[in-house]
Amino acid sequence: MKSTLRKSTSRRLRAHPWLTGIVVAVVVAAAGIGSYFATRSDSPAAATTTTTTSTVSTGTVKQSVSATGTLAPAKDESLNFSVSGTVTSVKVKVGQKVTKGQTLATVESASLAASVAQAKSTVASDKARVSDDENNSASDTQLAADKAALAAANNQLASAQDQLASATMTSPINGAVAAVSLTVGESVSGSSSSSSSGASTGGASTSGLGAATSTSSTSSAQIEVISTNSWIANVTVDATSVGLIKTGDQAQLTITGASDTIYATIDSIGLVSSSTSGTASYPVVLDITGSPAGLHDGASVTATLIYKQVANVVVVSTLALHRTSAGGQYVNKLVNGKTVQTTVRVGLSSGGQTQITSGLAAGDKILVPQIRRTTGGRTGTGTNGGTLPSFPGGGGGNFPGGGLGGGNFPGGGLGG
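Everything numeric in this text was worked out from a predicted model, so none of it was measured.

A. Local environment of helix α4 (residues 140-165). The first and last C-alpha atoms of α4 sit 38 Å apart over 26 residues, in line with the 38 Å expected at 1.5 Å per residue. Along α4, the residues classified as buried are Leu 143, Asp 146, Leu 150, Ala 153, Leu 157 and Ala 160. Among the structural elements, α3 (110-135) are those in contact with the buried residues of α4.

B. Quick peek at the side chain of Asp 126. Mapped onto the elements, Asp 126 comes out in helix α3. We classify Asp 126 as buried; its relative accessible area is 8%. Once you skip the residues sitting within four places of it in the chain, Asp 126 turns out to touch Ala 149, Leu 150 and Ala 153.

C. Expanded view of unusual backbone geometry. The backbone phi angle of Asn 312 is positive, close to 55°, even though this residue is not glycine. The phi dihedral of Asn 336 falls on the positive side, at around 55°, and the residue is not glycine. Tracing the backbone shows Asn 336 in the loop between β20 (329-335) and β21 (338-350).

D. Main features of the pattern of salt bridges. Scanning the model with the defined rule gives three salt bridges in all. Between Asp 126 and Arg 129 there is a salt bridge, with its nearest N and O atoms 2.9 Å apart. One end of the pair is Asp 126 and the other is Arg 129, both in helix α3 and three residues apart, which spans about a single turn. Under the relative-accessibility criterion, Arg 129 is labelled partly exposed at 36%. Across the salt bridge formed by Lys 333 and Asp 364, the nearest N and O atoms sit 3.6 Å from each other.

E. Structural detail: the sheet that holds strand β5 (residues 85-90). Taken in spatial order, the four strands of this open sheet run β8-β7-β5-β10, and their pairing is antiparallel. The open sheet has two edge strands with one neighbour each: β8 (168-170) and β10 (187-188). Where β5 lies against β10, two bridges are found, and the strand directions are antiparallel. Within the sheet, the bridge partner assigned to Gly 85 lies in β10 and is Val 188.

F. Seen up close, the pairing of β5. By the bridge criterion, three bridges tie β5 to strand β7 (residues 103-107) in an arrangement that is antiparallel. Residue pairing in the sheet places Val 87 in a bridge with Val 107 of β7.

G. Representation of α3 within the structure. Here α3 is 26 residues long and its end C-alpha atoms lie 38 Å apart, about the 38 Å a rise of 1.5 Å per residue gives. Within the span of α3, buried status applies to Leu 112, Val 116, Ala 119, Val 123, Asp 126, Val 130 and Asp 133. Buried residues in α3 make contact with α4.

H. Spotlight on the packing of α3 against α4. Interaxial distance between α3 and α4 falls to 8 Å at its minimum, and their mutual angle equals 160°. One element, α3, and the other, α4, form an angle in the roughly antiparallel class. In this structure, α3 meets α4 at a crossing whose hand is left-handed. Along the lines of polarity and charge, the residues of the contact of α3 with α4 split into 13 nonpolar, seven polar and eight charged.

I. Layout of the pairing of strand β13 (residues 231-238). Taken across its eight residues, β13 has six buried, putting it largely inside the fold. Two elements, strand β3 (residues 57-73) and β13, share six bridges in a ladder whose sense is antiparallel. Across the sheet, Leu 71 pairs through a bridge with Ala 233, a residue of β13. Strand direction decides the pairing type here: β13 and strand β17 (residues 279-288), joined by seven bridges, are antiparallel. Each bridged residue has a counterpart across the sheet, and for Thr 236 the counterpart in β17 is Pro 283.

J. Inspection of the side chain of Ser 89 at higher detail. Here Ser 89 is to be found in strand β5. Here Ser 89 falls in the buried class, since its relative accessible area comes to 13%. A polar side-chain atom of Ser 89 sits 2.5 Å from a polar atom in the side chain of Thr 106. Those residues in contact with Ser 89 that lie beyond four places of it in its chain are Ala 105, Thr 106 and Val 184.

K. Quick peek at the nonpolar core. Formed by 25 residues in total, the largest nonpolar core has its most connected members in Leu 71, Leu 253, Ile 255, Leu 286, Ile 288, Val 301 and Leu 305. Contributions of two or more residues to this core are made by β3, β13, β14 (250-255), β15 (262-269), β17 and β18 (300-317). In this structure, Leu 79, Val 92, Leu 104 and Val 225 belong to the second largest nonpolar core, which totals 18 residues.

Conventions used here
- Residues numbered from 1 in each chain as written.
- Predicted model: local features only at pLDDT ≥ 70, side-chain atom pairs only at ≥ 80, totals over all residues.
- Heavy atoms only, no water.
- Helix = DSSP H or I, 4+ residues; strand = E, 2+ residues; numbered from the N terminus.
- Expected span 1.5 Å × (residues − 1).
- Buried < 20%, exposed > 50% of the residue type's maximum accessible area, 1.4 Å probe, protein only.
- Contact = heavy atoms within 4.5 Å.
- Salt bridge = Lys/Arg side-chain N within 4 Å of Asp/Glu carboxyl O.
- Pairing = 2+ DSSP bridges.
- Axes fitted to C-alpha atoms, helices over the stretch in contact; angles between N-to-C directions.
- Parallel < 35°, antiparallel > 145°, perpendicular 65-115°, else oblique.
- Left-handed = near helix turned anticlockwise from the far one by under 90°.
- Nonpolar A, V, L, I, M, F, W, Y, C, P; charged D, E, K, R; others polar.
- Polar contact = N/O pair within 3.5 Å; in protein donor to acceptor, adjacent residues only side chain to side chain.
- Core = buried A, V, L, I, M, F, W, Y, C linked by side-chain atoms within 4.5 Å.

Have a look at this one:
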């Protein structure tokens, strides 16, 4: 079988002399490639260690976790009229600054005022009846009945007065108008809802001042008012870190639009997680300290949540620490120009710095290793395989039958 294949190949070469050229070219190219792989070498990155002298100082060591999220106003009031009627005035527009108690809109109140007047008349009549009972020594039963009627009249008057007050929508907070969906002449239906909430899962907000109910749904709000001088950040912390933090912990924030670092405290930590791509995370609300300028609703927040911190302590570069065979730690301290192995005890470590609780004092000189890495390259020798000559068919040659490197030989492939 092998003899037959050799004879067949020989006949093909004699029949097509140019095939000899391509075979030779392929062999030369293969030899060049083989030479490259035989002589290439990989030089791994070389590491060299030097030491520098460092003066021990005092500083602050913080341990923290990272979180990201968005900024939101601390109070977000979604207001709706609690009485039905026709809108008679809308006194604000989006973006306008408002103060607590300021009138925002009103509905028709003539009928409500009439109800108040009627209730006042009833109260006056019932008071007179009770007075007559007391002056004329009426029976206890009669006196009790008239007093009960007076109490009911007073309750009716209070309700009528509340309804009349509710015809005027006022702002429950100092802030800015975020949305208005009322027009003069529009008929509105009173809302029975009286809930109120802060922005997102943040702090609580106050309820409306008799003017309207305040709801947590901004989508149905007739007027929305947000705080502009108090803010929260809604961030998320993954399941591996949430157990390290607690309410009251300090936080440092970088916020889009603010040039300075913003400070905050952890206001609340959610108990129910959400999951994204299999990773559980927990909502955390941060209460922004003070009233920083330049903040905007929805701005991106990157937060550092500090769960441990020590200040004014002796700190050294973590690289300066060495471990003994017994498990202790030491540094190389310079004493009168000589290197002395000095045992130390350590505390918190973070950001390449470690607290030293004993063994060193501020002002001591120590040696700190510095590691330098030199990345090696790959070297290789060998000749370029070159370019194969152009043969009939082009692009490696298309020959009848089969192929060698894209070329087709009669009756089948050589080496293919």
